[in-house]
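As a plain string of letters, each chain reads:
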Amino acid sequence: YQRRVRGSSGINAEYGGHPPLNEVFSSGAQDLGKKFATGNIGNDTQVTKLASGLRVASVPQSGGMSSVGVVLESGARNENNHKAGVAHFLEKMSFGSTAKFESPDHVASALEPYGGITEALHFRDVAVYSVSCLSDGLETATDVLSQALLHSRFTEGEIEEARESIACEIEMFKLGADQEPIVTDCVHHAAYGGSTVGNFKICPAENLMSINRGDIMSFHTANFRPSKMVLCGVGVNHEELVKCGAKYFPNHLTEGSPSPIVQYTGGHCYKHDDSPPPMIGPQELPTLTHVAIGFESSSHQAEDYVKFCVLNTLMGGGGSFSAGGPGKGMYTRLYLQVLNRYHWIYSALALNHPYQETGLFTINGSCHPNHGWDIVQVLIKQFKEMGQGINHGELERAKTQLKSTLLMNLEYRNIILEDIGRQVVASGHRKTAPELCAMIDSVTPHQISEIVMKMLKNRPSVGAFGDLKYVPSFEEIEAAFERENGELTNRITHFLLRGARGGGAKTGLIKH
């Protein structure tokens, strides 16, 4: 080791192979850092549109590995004219058998010489298919993506495997391990009238056994087209990626179905289920009440988008059993004002869901069923207090945390790839990290108050799942938001009525 260091050039050679620990490295270290910069900070994203409608976007990156993927404008939001749950089936059958590859094993064999791995992520509005491999595997990776997106066979065996996988997933939700996707489905369904992004992402149980190959092919033919795709590359040569895109994603003679228009409506979606989860250990898991209250925010192309991202970080939240520590958001409002104050709350979390034409800002909470009324009151109060002023310290902390999260995420190739694809799908170009950081820095307390007051003028959306015997009605919640103090009234009447219906369990009311 000593011989290697002493014989090297550059930084270590300047100190004879022994750089002192009490001195700052010379500018050579800075030059080295610049030399190996990942290339995701500057404005170096290249975008080319092909005759097929396929958009090709890439950024250079040093190193021998690359990521190639396709971001597709398709998801549960496109199920309006199709059977609900088809998109969930397609998610489970990603990178299955194709016209060229007889099975996933054949796909793995084709990528093996290049150390390639595949990944597929499906959201309400887009799907992301990606391959990470050595840089010289670009053409093979593009071929695999083309086969997976345009030439999948969807055999009866694969459909049955997907059916079993979804049934298992639904059963796991019943165990109570992670019921966040269910309440998120409910609040979206309420917010958008059960249409477009309000379609259930989880396949409805009543459709699980009836979805067939014809349903899947119909949805696939209408939505899986080059004109709705962005072929992305990180750490690849742009011209080579364009050539591969033209070769493996040819023009289609017919146009795919346009994405349906999204319309926010507000409303409620309650799913009452007080059956105890199966016992999987010495103690049975508790049956909880899960509630999400939301309002329309902004699309990811709107001027207010970054402001809502800052607001989301400022509210933060999480679970009551978080270990804490740096970056865990322990100083966010939902920790300081909710989780640290009410011991009976299991979780409280702010989430912002941005889409092409709209957005949904929600606060989700879960608690013991006896506190169903209480947690709704707490969530309403948090919304009301958002618009009553943001102090400088908490805003600066949220902005710093958001910028830190943004820059750390952009260290990962797959996240860069998804970021490129989503931005190009939405606007045709990509904002750089410095641009986004400057937008974050420009947010003021007054702007946060403005977007909150604007948001609260909309009709609320309420999604609830679990034991809902003490959850107020939607009409009660809507009336509380119309009051300046956000108080739920008639709570004694509420509990008396519940008791008359057989819900006689004791409840602890929060004190104001």
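Refer to the preceding data block for the structure.
Only a predicted model underlies this, so the values are computations on that prediction, with no experimental measurement involved.

With that settled, the discussion passes to the overall build of the protein chain. When helices and strands are counted, the protein chain shows 19 helices and 12 strands. Considering only intrachain contacts with a sequence separation of at least 6, the fraction spanning at least 24 residues in the protein chain is 78%. Total accessible area on the protein chain is roughly 23,900 Å²; 53% of this is exposed by carbon and sulfur atoms.

Another aspect to go through is the packing of aromatic side chains. The final tally for this structure, using the stated rule, is eight aromatic pairs. Their ring planes at 70° and their centres at 5.2 Å tell us that Phe295 and Phe383 sit as a pair that is edge-to-face. Here the residue Phe295 occupies a position in strand S8 (residues 289-296), and Phe383 occupies one in helix H13 (residues 372-386), the gap between them amounting to 88 residues. We classify Phe383 as buried; its relative accessible area is 0%. Taken together, a centroid distance of 6.5 Å and an interplanar angle of 80° make the contact between Phe361 and Phe383 edge-to-face. One end of the pair, Phe361, is in strand S11 (residues 359-367); the other, Phe383, is in helix H13, and 22 residues separate them in sequence. Take Phe361 and Phe383: they sit in the same class, and that class is buried. Among the aromatic side chains, those forming a connected cluster through ring pairs are Phe295, Phe308, Phe361, Phe383 and Phe481.

In this section: empty space enclosed by the protein. On inspection of all chains with the given rule, the structure shows four cavities of 30 Å³ or more. The calculated volume of the largest cavity comes to roughly 60 Å³. Together, Thr313, Leu314, Tyr331, Thr332, Arg333, Glu394, Arg397, Ala398 and Gln401 line the largest cavity. Broken down by secondary-structure element, the contributors of at least two residues to the lining of the largest cavity are helix H11 (305-315) and helix H14 (392-409). Among the elements that line the lining of the largest cavity, the one with the most residues is H14, at four residues. Within the lining of the largest cavity, the residues separate by chemical class into three nonpolar, three polar and three charged. For the second largest cavity, the calculated volume is near 40 Å³.

Moving on, we get to the sheet that holds strand S12 (residues 461-466). Overall, mixed pairing links the six strands, which are arranged S7-S12-S8-S11-S10-S9 in an open sheet. Each edge of the open sheet is held by one strand with a lone partner, namely strand S7 (267-272) and strand S9 (317-319). The sheet shows a mean angle of 20° between the axes of neighbouring strands, direction not considered. Here nine bridges tie strand S10 (residues 345-354) to S11, and the two strands are oriented antiparallel to one another. Considered in S11, the bridge of Ser347 is made with Ser366. Contacts between H11 and the sheet are confined to S9, S10 and S11, with S10 contributing the most and set at about 170° to the helix. Contacts between helix H18 (residues 474-482) and the sheet are confined to S7, S8 and S12, with S7 contributing the most and set at about 140° to the helix.

Attention now goes to unusual backbone geometry. Backbone geometry places Phe95, a non-glycine residue, at a positive phi of 55°. As for its position among the elements, Phe95 is in the loop between helix H4 (86-92) and helix H5 (104-111). On the basis of relative accessibility, which here comes to 8%, the residue Phe95 falls in the buried class. Of note in this structure, Thr196 is not a glycine but carries a positive phi near 50°. Within the secondary structure, Thr196 is located in the loop between helix H8 (180-191) and helix H9 (213-223).

Within strand S3 (residues 65-72), seven of the eight residues are buried, leaving the element largely enclosed by the surrounding structure. Sheet topology places S3 next to strand S5 (residues 127-134); eight bridges connect them, and they run antiparallel. Opposite Val68, over in S5, you have Val131 as the bridge partner. Both S3 and strand S6 (residues 229-234) contribute to a ladder of six bridges, which runs antiparallel. Along S6, the bridge assignment pairs Val71 with Val230.

Okay, H8 next. Along its 12 residues, H8 runs 17 Å from first to last C-alpha, staying within 8% of the 16 Å computed at 1.5 Å per residue. Counted residue by residue, H8 has nine buried out of 12 residues, so it is predominantly covered. Turning to H8, its buried residues number three or more, namely Ile182, Val183, Thr184, Asp185, Cys186, Val187, His188, Ala190 and Ala191. Close packing links the buried residues of H8 with helix H7 (156-174), S7, S8, S10, S11 and S12. Once H8 finishes, Gly193 follows within two positions and takes phi at roughly 60°, a positive value.

Taking strand neighbours across the sheet as the criterion, the six strands line up as S1-S2-S6-S3-S5-S4 in an open arrangement whose pairing is mixed. Each of the sheet's edge strands pairs with one partner strand only, and the pair in question is strand S1 (46-49) and strand S4 (117-122). Between one strand and the next, the sheet's axes are offset by a mean angle of 15°, whatever the strand orientation. Along the sheet, helix H6 (residues 138-150) contacts S3, S5 and S6; its crossing angle with S5, the most-contacted strand, is approximately 155°. Across the sheet, helix H10 (residues 238-248) touches S1, strand S2 (55-59), S3 and S6, and the angle it forms with S2 is around 155°.

Right, let's talk about H11 for a bit. Within an α-helix, residues lying three or four positions from one another point in the same direction, as the helix has 3.6 residues per turn. A large share of H11 lies buried, amounting to 10 of its 11 residues. Among all positions in H11, only Val306, Lys307, Phe308, Cys309, Val310, Leu311, Asn312, Thr313, Leu314 and Met315 are buried.

If you walk through the whole model with that rule in mind, you get 20 salt bridges. Of the charged contacts in the structure, one is a salt bridge between Arg55 and Glu73, with a shortest N-O distance of 3.4 Å. Of this pair, Arg55 sits in strand S2 while Glu73 sits in the loop between S3 and H4, placing them 18 residues apart in sequence. Here Arg55 falls in the buried class, since its relative accessible area comes to 13%.

Right, let's get into the nonpolar core. Ile293, Phe361 and Phe383 are the most contacted members of the largest nonpolar core, which has 68 residues in total. Once residues within four sequence positions are removed from consideration, Ile293 is found in contact with Phe361, Thr362, Ile363, Val376, Leu379, Ile380, Phe383, Ser461, Val462 and Phe481. Leu50, Ala148, Ile182 and Phe465 belong to the second-largest nonpolar core, a separate cluster that totals 53 residues.

About the criteria used
Residues numbered from 1 in each chain as written. Predicted model: local features only at pLDDT ≥ 70, side-chain atom pairs only at ≥ 80, totals over all residues. Heavy atoms only, no water. Helix = DSSP H or I, 4+ residues; strand = E, 2+ residues; numbered from the N terminus. Contact = heavy atoms within 4.5 Å. Areas by Shrake-Rupley, 256 points an atom, 1.4 Å probe, with all protein chains shown as cover. Phe/Tyr/Trp six-rings, centres within 6.5 Å; stacked < 30°, edge-to-face > 60°. Buried < 20%, exposed > 50% of the residue type's maximum accessible area, 1.4 Å probe, protein only. 1 Å grid on protein atoms, 1.4 Å probe; cavity = no way out; pocket = protein on both sides within 12 Å on 5 of 7 lines; lining within 4 Å. Points joined across faces, edges and corners; volume = space filled by probe spheres on them. Nonpolar A, V, L, I, M, F, W, Y, C, P; charged D, E, K, R; others polar. Pairing = 2+ DSSP bridges. Axes fitted to C-alpha atoms, helices over the stretch in contact; angles between N-to-C directions. Expected span 1.5 Å × (residues − 1). Salt bridge = Lys/Arg side-chain N within 4 Å of Asp/Glu carboxyl O. Core = buried A, V, L, I, M, F, W, Y, C linked by side-chain atoms within 4.5 Å.

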